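Structure at a glance
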Amino acid sequence: MAIMTLQEKVARLKSERNAVILAHNYQIEEVQDAADYIGDSFELSRIAAEAAVEVIVFCGVHFMAESAAILSPAKTVLLPEKAAGCPLADMVTPEALRAFKQKHPGAAVAAYINSSAAVKAESDICVTSANAVQVINSLDADRVIFVPDCNLAHFVSQKTQKEIIPWHGYCVTHHRVYPADIERARRAHPDAAVIVHPECRPEVVEAADAALGTGGMLRFVRETEAREIVVGTEMGMLYRLRKERPDLRFYLLSPGLVCPNMKYTTLEKVASSLEHMEHRVTVPAAVREGAARALRRMLEVPLH
Ligand code: 13P
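In this text the structure is predicted, and so the values were computed from the model without any measurement.

Cut-offs applied
- Residues numbered from 1 in each chain as written.
- Predicted model: local features only at pLDDT ≥ 70, side-chain atom pairs only at ≥ 80, totals over all residues.
- Heavy atoms only, no water.
- Salt bridge = Lys/Arg side-chain N within 4 Å of Asp/Glu carboxyl O.
- Helix = DSSP H or I, 4+ residues; strand = E, 2+ residues; numbered from the N terminus.
- Buried < 20%, exposed > 50% of the residue type's maximum accessible area, 1.4 Å probe, protein only.
- Near = heavy atom within 4 Å.
- Polar contact = N/O pair within 3.5 Å; in protein donor to acceptor, adjacent residues only side chain to side chain.
- Areas by Shrake-Rupley, 256 points an atom, 1.4 Å probe, with all protein chains shown as cover.
- Nonpolar A, V, L, I, M, F, W, Y, C, P; charged D, E, K, R; others polar.
- Pairing = 2+ DSSP bridges.
- Axes fitted to C-alpha atoms, helices over the stretch in contact; angles between N-to-C directions.
- Contact = heavy atoms within 4.5 Å.
- Arc of directions from axis to C-beta.
- Right-handed = clockwise from strand over helix to strand, strands pointing away.
- Phe/Tyr/Trp six-rings, centres within 6.5 Å; stacked < 30°, edge-to-face > 60°.

Turning our eyes to something else, we now look at the pattern of salt bridges. Going through the model one piece at a time under the given rule, you end up with 14 salt bridges. One salt bridge connects Glu163 with Arg143, and the closest N-O pair in it is separated by 3.5 Å. Of the two residues, Glu163 is situated in strand E8 (residues 163-166) and Arg143 in strand E7 (residues 143-147); the sequence distance between them amounts to 20 residues. The class for Arg143 is partly exposed, based on a relative accessible area of 29%. Via salt bridges that share partners, Arg98, Lys101 and Glu122 belong to a single interconnected network.

Turning our eyes to something else, we now look at the site of the ligand. Lining the immediate surroundings of the ligand are His24, Tyr26, Asp40, Ser41, Asn114, Ser129, His174, His197, Glu199, Gly213 and Thr214. Here an oxygen atom of the ligand sits 3.0 Å away from a polar atom, N or O, in the side chain of Asn114. When the ligand is considered free in solution it has 310 Å² of accessible area, and contact with the protein chains removes 96% of it. In terms of residue class, the shell around the ligand is built from one nonpolar, eight polar and two charged.

With that out of the way, let us pick up the sheet that holds strand E3 (residues 55-59). The four strands are arranged E2-E1-E3-E4 in an open sheet whose pairing can be described as parallel. Every interior strand has two partners, whereas the edge strands, strand E2 (37-39) and strand E4 (76-78), have only one. Shown here is a sheet whose adjacent strand axes are inclined to one another by a mean of 20 degrees, direction ignored. As paired strands, strand E1 (residues 19-24) and E3 are joined by five bridges and run parallel to one another. By the bridge assignment, Ala23 is partnered in E3 with Cys59. Against the sheet, helix H4 (residues 62-71) contacts E1, E3 and E4, and its axis sits at roughly 160 degrees relative to E3.

This part covers helix H14 (residues 267-276). Those residues of H14 lying buried are Leu267, Val270, Ala271, Ser273 and Leu274. The buried residues of H14 occupy an angular sector of 160 degrees when projected down its axis, which confines them to one face. At the exit of H14 stands Met277, carrying a positive phi of roughly 55 degrees.

Once that is clear, we can look at the pairing of strand E12 (residues 249-252). Two faces belong to every sheet, and in a regular strand the side chains alternate between them. With four bridges joining them, strand E11 (residues 228-232) and E12 adopt parallel strand pairing. Residue pairing in the sheet places Val231 in a bridge with Leu252 of E12. In this region the chain leaves E11, passes through helix H12 (residues 236-244) and returns to the parallel neighbour E12; the handedness of that crossover is right-handed.

Moving on, we get to the pairing of strand E9 (residues 193-196). Of the two faces of E9, the one holding Ala193 and Ile195 and the one holding Val194 and Val196 are both buried throughout. Of the pairings in the sheet, the one linking E9 to E11 comprises four bridges and is parallel in character. The partner of Val194 across the bridge, within E11, is Val230. Pairing between E9 and strand E10 (residues 210-211): two bridges, direction parallel. Across the sheet, residue Val196 finds its bridge partner in E10, namely Ala211.

Taken as a whole, this structure holds one aromatic pair when the rule is applied. When the centroid spacing of 5.0 Å and the interplanar angle of 90 degrees are considered together, the rings of Phe100 and Trp167 count as edge-to-face. With Phe100 in helix H5 (residues 94-103) and Trp167 in the loop between E8 and helix H9 (179-188), this residue pair connects regions lying 67 residues apart in the sequence. Both residues of the pair, Phe100 and Trp167, count as buried.

In structure tokens, the structure reads:
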């Protein structure tokens, strides 16, 4: 079906179903264009918790839709592509986290939102890349287990007095960027600002001008005086940034910055998802309660 017709179909189904379409900043262009809200993990979880609708179509990956289902159990949460997962989230299981907690008695547990509901339920609080430092600093404990991303854990450890005990997971997409990519980009674009996601390796974060979550990147480009920006995160972000600042030039830091899971969702699948009301993401009540506590605690931490 032609793109225009599909967009009309999505709009019609959306109003019939009383639905909202949320899209992560990494989604493909046609999906971003069809969304009611485009944002980072933090913004989308807050919108999911507050949206006065019956149905949420989550264009992102499974843990994002699952977080929406945890926060809004009365709403129907749909993931247009069932296979859209997050390898990082799969790098820690609740069983392994329980065993790790026993090795570090007295430590608080912070779970990156890129984790399963069952892992969140084993944690005291959640964090995203937009708020990780503030959330960790808000905790009473001096020692904090941080799962599953070791690179974000390292980033936080550089900005807090607390002892961070990392889990050794990583985002396969961001982890494939090296300092040599930054050196190459700086030679090619000597006047450009280089911004990277804190899921990148510490050496990459060190070599960049700023490490920011996707929402932070958007704010950075709104305010920057640079005319060219090298972007070290998933390629979908470039579309978002170019729309915000069409007057600037953006370059992807490395051709490896593609998350296949974020590319599975198409406008066709969004339409089909609304038409057939699938794929529903639900969380068993026993897990949901603990996971909701960790997510809600995060949402209560003031950001400054
Ligand atoms: P943000 O929260 O910065 O949007 O990042 C989400 C993510 O999954 C990064 O890989």
